[in-house]
Amino acid sequence: NPRHGGESVAEVLRAHGVKFVFTLVGGHISPILVACEKLGIRIVDTRHEATAVFAADAVARLSGTVGVAAVTAGPGLTNTVTAVKNAQMAESPLLLIGGAAATLLQGRGALQDIDQMSLFKPLCKFCASVRTVREIVPTVRKALAIAQSGTPGPVFIEFPIDTLYPYHVVEKESAPKNTPKGLFGKIMAWYLQNHLSNLFAGAWETCDLSPLPVYIPHATEDEVQRCVELVSRARKPVILLGSQATLPPTPADDVRKALESLGIPCFLGGMSRGMLGKNSPLHIRQNRRDALKEADLVLLAGTVCDFRLSYGRVLNRRSKIIAINRDRSQLLKNSDMFWKPTVAIQGDAGSFLLRLSTALKGHRCPEEWPRSLKEGEAIKEKANRAKADEKTERHLNPISVLHRVDELLAEDSIIVADGGDFVGSAAYIMRPRGPIRWLDPGAFGTLGVGGGFALGAKLCRPESEVWIVYGDGSLGYSVAEFDTFTRHKVTPVIALVGNDACWSQISREQVPMLGSNVACGLAFTDYHIVADGYGGKGYLIGREDESRLDDIIKKAQKECREGKAVLLNVLIGKTNFRDGSISV
């Protein structure tokens, strides 16, 4: 039979609505890539395996389906470890397909043969090594369902090379080169033939390709009712919205309407940035610590009490606290130390907010509370805006640059955040225009997500303007993907690089504490020329270009619409905007 296992993989992926497979090609996985292309699944090859996984992660976040990456055995897979861990901590449903040595050769010194399963078991919800061709369809179906169930996350399937190639190819490679002689030779030949027969037995029998049911935990009616009573009595409630609020099955627009109906002031984090649009009276961007001290009720909707909330220490012990999270360990993190939930619900945050809003129809938070928070925010933002007018000792003021970019962003823009100091400033200044229009690595704080996230975002939403906000340090991880943007033609993006020739987020603490800038210094490198070399368009922007910065940004947007990936290499100076921020 000329069929091969790669076709079975492709058929299951197509049946599950997978549109893209991200990869860096290798012989172990070629049958999967070829079969996917024949079935209309787009193969997008990158310049690093981590980028392929980051791109699949972005597709998962933006499309509500499972993102898929396929890489070759050994070093191909080890190159993905950081990206897979990032997906695990960001709770992104992702399928990693890995090649492997032939079943009979594993552990015998074959090319690129290592114990891959041990590497990925701590990182993935599900790991499997396919041992026969007939296992492919049920294994892939199971993996895709597990990736989306409960708390979403990455899954891994290892495909030994002899489960993917046609029978006649595998037979030729596994058969003895010479006619076996003697009893041992005949036993060995019988064993190999028997193994081969079992490998392909039942391989092409008709089987179900459709998606398996996905389990999503939900709050009980009693839990929702108890929360209704708490919220209805609160005078100063606050909602802290995390990335889980954007997960399927609840559309982000429905979550937004529920929040607007409740009228409760919201602090948005992770993927929920932009949930309330650009200028919502309910979206509070500043003074979170002060608001939490004053609040009499705090609703943690997919938000975790980790370092981002000082492990729960910022919560007022007198406040009523409602926590909802799909993952029980995240739901109760540090509750044995610094905070105690009044109600803790293991369930889906988005659907919970809809049910809460419906039950509280007609009830709204007292308007003077969000108004007072907005007034405090206006004072803080005015002070921040004043910092944009300060002259830096050299080059451009990064705060001014970010404000000007934000003012010119298209309404459908997606912002990808990849960096430390410059990106930390951007998080305060740049405002996503709508739900799921901000992509950052999440709790793992991974550098290098930029190229992959932008690639996945542009493919999911080709009509959107995709911006990568890079620090000059983080740019080094994925600047080679400008080659990918150029080769695939329909993926032009704009990269905004804050180039201060320094790992500033580290240097800001290291120098005053330890008296040395060792390993923190970079150079004002000509990154714009690198972009040109990869087929994009680069611009160097310094202080002498300040008066025409808006024109350069508009020109970059025009070139991007015309199909060119653009890099803005902006030389920036130092400010005290982020003094006191932490790097560890």
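Residues numbered from 1 in each chain as written. Predicted model: local features only at pLDDT ≥ 70, side-chain atom pairs only at ≥ 80, totals over all residues. Heavy atoms only, no water.

1. Some thoughts on the sheet that holds strand S11 (residues 343–346)
- With respect to topology, 5 strands assemble into an open sheet ordered S8-S7-S9-S10-S11, the strand pairing being parallel. Each of the sheet's edge strands pairs with one partner strand only, and the pair in question is strand S8 (266–268) and S11. Put simply, the sheet's adjacent strands are angled 10° from each other on average, direction ignored.
- Of the pairings in the sheet, the one linking strand S7 (residues 237–241) to S8 comprises 3 bridges and is parallel in character. Within S8, the position partnered with Leu240 by the bridge is Phe267.
- In the packing of helix H10 (residues 221–233) onto the sheet, contacts are made with strand S9 (297–301), strand S10 (320–325) and S11, and the angle to S11 comes to roughly 140°. (Pairing = 2+ DSSP bridges. Helix = DSSP H or I, 4+ residues; strand = E, 2+ residues; numbered from the N terminus. Axes fitted to C-alpha atoms, helices over the stretch in contact; angles between N-to-C directions. Contact = heavy atoms within 4.5 Å.)

2. Comments concerning the sheet that holds strand S4 (residues 94–100)
- The parallel open sheet is built from 6 strands, whose spatial order is S2-S1-S3-S4-S6-S5. Of all strands in the sheet, those with a lone pairing partner are strand S2 (42–45) and strand S5 (126–129), marking the two edges. Within this sheet the neighbouring strands show an average axis-to-axis angle of 20°, counted without direction.
- Of the pairings in the sheet, the one linking S4 to strand S6 (residues 154–160) comprises 7 bridges and is parallel in character. Its bridge partner lying in S6, Leu95 is registered against Val155.
- Along the sheet, helix H7 (residues 136–148) makes contact with S4, S5 and S6, crossing S6 at roughly 165°.

3. Some points on the packing of helix H11 (residues 252–262) against helix H14 (residues 349–359)
- Two elements in contact, H11 and H14, have axes whose closest approach is 9 Å; the angle formed by their N-to-C orientations is 40°. The orientation of H11 with respect to H14, classified from their angle, is oblique. Of the two possible hands of crossing, H11 and H14 adopt the one that is left-handed. Contacts between H11 and H14 involve Asp254, Val255, Ala258, Leu259, Ser261 and Leu262 on the former and, on the latter, Gly350, Leu353, Leu354, Leu356 and Ser357.
- Taken together, the residues of the contact of H11 with H14 break down into 7 nonpolar, 3 polar and 1 charged. (Parallel < 35°, antiparallel > 145°, perpendicular 65-115°, else oblique. Left-handed = near helix turned anticlockwise from the far one by under 90°. Nonpolar A, V, L, I, M, F, W, Y, C, P; charged D, E, K, R; others polar.)

4. Notes on the UniProt feature "domain: Thiamine pyrophosphate enzyme TPP-binding" (unreviewed entry) in the protein
- According to UniProt, the "domain: Thiamine pyrophosphate enzyme TPP-binding" (unreviewed entry) feature falls on residues 418–567.
- Secondary structure over residues 418–567 splits into 43% helix and 15% strand, and the C-alpha atoms at its two ends are 14 Å apart. (UniProt positions renumbered as here; feature names shortened; annotations may be inferred.)

5. Re unusual backbone geometry
- A cis amide bond links Pro248 to the next residue, Pro249, at an omega of 15°.
- You can see Pro249 is positioned in the loop between S7 and H11.
- Within the chain, Ala501 stands out as a residue other than glycine whose phi angle is a positive 55°.
- Position of Ala501 among the secondary structure elements: in the loop between strand S15 (494–499) and helix H21 (504–514).
- Positive phi is not limited to glycine here, since Ala519 has a value of about 70°.
- With respect to the helices and strands, the residue Ala519 is situated in the loop between H21 and helix H22 (527–533).
- Judged by its relative accessible area of 70%, Ala519 is exposed. (Buried < 20%, exposed > 50% of the residue type's maximum accessible area, 1.4 Å probe, protein only.)

6. A look at helix H3 (residues 49–63)
- With 15 residues, H3 extends 21 Å from end C-alpha to end C-alpha; this agrees with the ideal 21 Å at 1.5 Å per step.
- The element H3 is largely enclosed, with a buried count of 14 among its 15 residues.
- Just past H3, the residue Gly64 takes up positive phi, approximately 75°. (Expected span 1.5 Å × (residues − 1).)

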